[in-house]
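# Summary of structural features
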Amino acid sequence: MGLHIGFVSTRFTGADGVTMEAGKWAEIFKECGHECFWWGGEVHKDSSRAMVVLEAHFLHSENQKIQAEAFGREMRSHELTQRIHDFRAVLKQKLADFLHTFEIQLLVIENALASPQHIPLGLALTELIAERKIPTIAHHHEFYWEQSRCAVNCVQDFLSMAFPPVLPTIQHVVISSAAQEDLAHRRGVSSFVIPNVLDFDHPPQPDWEKAQELRRQIGADFEGKLIVQPTRVIRRKGIEYAVEIAAALQDLGYRLLITHQAGEGDPEYAAWLHRQAQEHGVSLHFLGTHVADPWAEVESSSKPLTLWDIYPHAHLITYPSLYEGFGNAFLEAIYFRKPLVVNRYATFVRDIEPLGFDLLIMDGYVSRRLIAEIREVLESPERRETMVEHNYLLAKRHFSYSVLRRRLNFLLMNFFGMEV
């Protein structure tokens, strides 16, 4: 008999890591005979299995006001406390409606009990789980202590209570060994590591008709050479290094494509990248629309591009991030058999690099050695083929759906007495 599993987050839409990993987990659960349901402020899933609660979105006006007052100061007004509790009560009732409507037997909380983007939601979830004692997997992607904006705040009591909460029916899941250690050290909480994964047992099937749409959006000769930076435009992604790499390869005719919108999260950084590209003579293009989640269940009338439509046409993937919880773009580049430039961010050094992938390694800056290695790979089909096939087979062993299936089965059997 399958379970009714409820996924909860501030949103399930777009191509962010939280949304995409939730889609993969749901795919595994459904393959095993369970039914998945969705709750959030924006949900691009089957509407008959989803409950959209606008107040749950982190961009909701009331939540943004709370965020503005909660961080960057150390004194909290009584009015802010009351507003948080009032908003918590609204969300708690809507969560209770979700549990009742879909007869939820297991909750999967996607990052809403780790990152305090929505404090009232975290509090509502904590109270509801404590009262109902419902079995819960808290899937943590990024904790508040990893975010510099949270260093100064006036809501430490709430952060300690709900980000994450320590309750007997919650099993905590993290995406790296460093996060596992941090959680144990800071909160005395044990957790289970489940890395991000992709379906390496089934290679991608590109939609070549979307090539026309990609050509239209970037306004380029489709046979043109593309360096793709498949990330959001935020500072920790280190996109300036991708610009530097593109500048060093100008004589080979490469242009740089950034998959996400310019300025959506950090307009000042996006504007600076534009200037950097101009000064270095780099042809830089930001896709002008939201890049859709490949696991979305609701088709947009505009049929937006997904990352799966973009990767096949890249000649080189740049991933010079300064920090990542795990690194979806790393796996995606390997899945599409593309050469990858990757910076040695902490999780990569600890959990990925020792596995033996054949990569173009950047260690904090763009060196002459790195540019020479990139040129060798781009100009040698034999070297490139050897590299990408080796990486695909290695990723299939360590980061495939079969790994996720085994770990979810272990988790449910050992902590909840349930079977995947």
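To start, this report covers the structure provided alongside it. No experiment lies behind these values; they were computed from the predicted model shown.

Among the five residues of strand E8 (residues 225–229), four are classified as buried, and the element is accordingly described as predominantly covered. After leaving E8, the chain enters helix H8 (residues 239–248) and then returns to the sheet as strand E9 (residues 254–258), a path that is right-handed. Alignment of E8 against strand E11 (residues 316–319), held across two bridges, turns out to be parallel. Note on E11: the bridge partner recorded for Val 228 is Ile 317.

Secondary-structure assignment places Gln 205 in the loop between strand E7 (192–193) and helix H7 (210–218). Sequence spacing of Gln 205 and Asp 309 is 104 residues, and the spatial spacing of their C-alpha atoms is 9.6 Å.

This part is about the sheet that holds strand E12 (residues 340–343). Strand order in the open sheet formed by six strands is E10-E9-E8-E11-E12-E13, and the pairing between neighbours is parallel. Each edge of the sheet is formed by a strand with only one pairing partner; in this case those strands are strand E10 (284–286) and strand E13 (360–362). Sheet twist, expressed as the mean angle between neighbouring strand axes with direction ignored, is 25°. Pairing of E11 with E12 involves three bridges; the strand directions are parallel. Bridge pairing in E12 places Ile 317 opposite Leu 340. Seen against the sheet, H8 touches E8, E9, E11, E12 and E13 and runs at an angle of roughly 165° to E9. The sheet strands contacting helix H11 (residues 328–335) are E11 and E12, and the helix crosses E11 at an angle near 170°.

A few words on the packing of helix H2 (residues 61–70) against helix H3 (residues 78–102). Packed helix pairs are characterised by how far apart their axes lie and by the angle those axes make with each other. Viewed as axis vectors pointing N to C, H2 and H3 meet at an angle of 145°, and their least axial separation amounts to 11 Å. Helix-helix and strand crossings are classified by hand; for H2 and H3 the assignment is left-handed. Judged by residue contacts, Glu 62, Asn 63, Lys 65, Ile 66, Glu 69 and Ala 70 of H2 engage Leu 80, Arg 83, Ile 84 and Phe 87 from H3. The class makeup of the residues in the contact of H2 with H3 is five nonpolar, one polar and four charged.

Turning to the environment of Lys 92, a few remarks are in order. Along the chain, the position of Lys 92 falls in helix H3. C-alpha separation for the pair Lys 92 and Lys 225, spaced 133 residues apart in sequence, amounts to 51 Å. Discounting chain neighbours no more than four positions away, the residues touching Lys 92 are Ala 124, Glu 127, Leu 128 and Glu 131. At 2.7 Å, the side chain of Lys 92 and the side chain of Glu 131 are in polar contact.

Cut-offs used in this document
- Residues numbered from 1 in each chain as written.
- Predicted model: local features only at pLDDT ≥ 70, side-chain atom pairs only at ≥ 80, totals over all residues.
- Heavy atoms only, no water.
- Buried < 20%, exposed > 50% of the residue type's maximum accessible area, 1.4 Å probe, protein only.
- Helix = DSSP H or I, 4+ residues; strand = E, 2+ residues; numbered from the N terminus.
- Right-handed = clockwise from strand over helix to strand, strands pointing away.
- Pairing = 2+ DSSP bridges.
- Axes fitted to C-alpha atoms, helices over the stretch in contact; angles between N-to-C directions.
- Contact = heavy atoms within 4.5 Å.
- Left-handed = near helix turned anticlockwise from the far one by under 90°.
- Nonpolar A, V, L, I, M, F, W, Y, C, P; charged D, E, K, R; others polar.
- Polar contact = N/O pair within 3.5 Å; in protein donor to acceptor, adjacent residues only side chain to side chain.

The quantities given are spatial measurements derived from coordinates; they are silent on function.
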